Amino acid sequence: MNEFALIRRYFARDCATPSVLLGVGDDCAILKPAPDEVLLVSTDLLVAGRHFPLNTAPEDIGHKALAVNLSDLAAMGAQPRGVTLGLALPEADPDWLAGFAEGFHRLAAEFGVCLIGGDTVASPQLTLAVTVLGGAQPDRVLRRDAARPGDLIAVTGTLGDAGLGLRTVLSPDSVPAELPLADRDYLRGRLDRPTPRLAEGQVLAGFAHAAIDVSDGLAQDLGHILAASGVGAEIDLAALPLSAAARRWLALDPSVETLPLTAGDDYELLFTLAPEDRDRLDFPATVIGSIRAEPGLVVRNRAGQAVDLARGGFDHFAVGPD
Ligand SMILES: [Mg+2]
């Protein structure tokens, strides 16, 4: 199968949205932004074995490649307008391609975004480059540099699931033997099929101050907001929202207590808002702390003591006094 046949067969799909005048098939796609809209652009590279386990199902790779990019648009309160895909493949395996395209297109359809172009190439290592284009009204874009002292810090969904899911793959011996199989499957699913929080980002665009998606871990991603905004924060370890599966794992193995602080890949939204806007959150979200003027990130454990984040490898954060 040549490159053009491959694209026609797996990737060129009819897709109608008002913002796409011409999709796959010409030298360029043609997009028409809505009136007064600014364009937001983000690219992510995913390398097999580095950004997803080698045994990941092709459907899940297709899903995740798009989901992590849509998550970046969600974090800025934008709506997806189009997406391109660069695919470097060791071989044109029809089963793999069909599965990958299915996972990719299913998520694209769910969020009303069209694949508008891309490229494929033969390469020894499976690598994916996805670029999303998003639209937003300029005064509604959420940025990292807008947190203010006194803001509440909140997060959508639950934290640590993807990190625990990765443990089930990388170090299965460290999984508590008593942990139900259904929990392992749930956590692996959270790693392989993250949900981009686009609807939540749209709501937040109306009133939240700063926002980011949790891709590298709560502590690190909150650190980006703090650095960009020139502020500090205090968060409460016991307040971190955990899934039932993660809670069961923690009960069996307390050594993973701080993993939800440092593990990445959850793709939840982390944001700050004025306390008086808390009632405007019309989706599941959990307040985990607050922004303060003093720089540095302090994490308090159940006993109110500061947790030493340096041990988690994040020694660039100031750690508050015990
Ligand atoms: Mg991001």
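Residues numbered from 1 in each chain as written. Predicted model: local features only at pLDDT ≥ 70, side-chain atom pairs only at ≥ 80, totals over all residues. Heavy atoms only, no water.

1. Thoughts on the coordination of the magnesium ion
Step number 1: Protein coordination at the magnesium ion comes from D72 (OD) and D213 (OD), with a distance range of 2.1 Å. Note that D72 is positioned in helix 2 (residues 58–75) and D213 in strand 8 (residues 211–213), a separation of 141 residues in sequence.
Step number 2: A relative accessible area of 3% places D213 in the buried class. (Donors = N, O, S within 2.8 Å, 3.2 Å for Na, K, Ca; no water. Helix = DSSP H or I, 4+ residues; strand = E, 2+ residues; numbered from the N terminus. Buried < 20%, exposed > 50% of the residue type's maximum accessible area, 1.4 Å probe, protein only.)

2. Topic: the domain arrangement of the chain
Step number 1: When its domains are assigned, the chain resolves into domain 1 (3–140) and domain 2 (144–311).
Step number 2: Taking the mean C-alpha position of each, domain 1 and domain 2 sit 26 Å from one another.
Step number 3: Contacts between domain 1 and domain 2 engage 22 residues on the former and 20 residues on the latter.
Step number 4: Buried area between domain 1 and domain 2, both sides added, is near 1,800 Å², and the carbon and sulfur share of it is 56%.
Step number 5: Three residues stand out in domain 1 for area buried against domain 2, namely K64, A75 and R140, and they jointly supply 27% of the buried area on that side.
Step number 6: Inspection of the domain 1/domain 2 interface yields two salt bridges.
Step number 7: The partner of D60 in a salt bridge is R193, and the shortest N-O contact between them spans 3.1 Å.
Step number 8: Counting across the interface, domain 1 meets domain 2 through eight residue pairs in polar contact (both at pLDDT 80 or more).
Step number 9: Secondary-structure elements contributing two or more residues to the side of domain 1 that touches domain 2 are helix 2 and strand 4 (79–89).
Step number 10: If you tally residues by element for the side of domain 1 that touches domain 2, the top one is helix 2, at eleven residues. (Domains from an automatic or database assignment. Contact = heavy atoms within 4.5 Å. Buried area = accessible area lost by both parts, 1.4 Å probe. Salt bridge = Lys/Arg side-chain N within 4 Å of Asp/Glu carboxyl O. Polar contact = N/O pair within 3.5 Å; in protein donor to acceptor, adjacent residues only side chain to side chain.)

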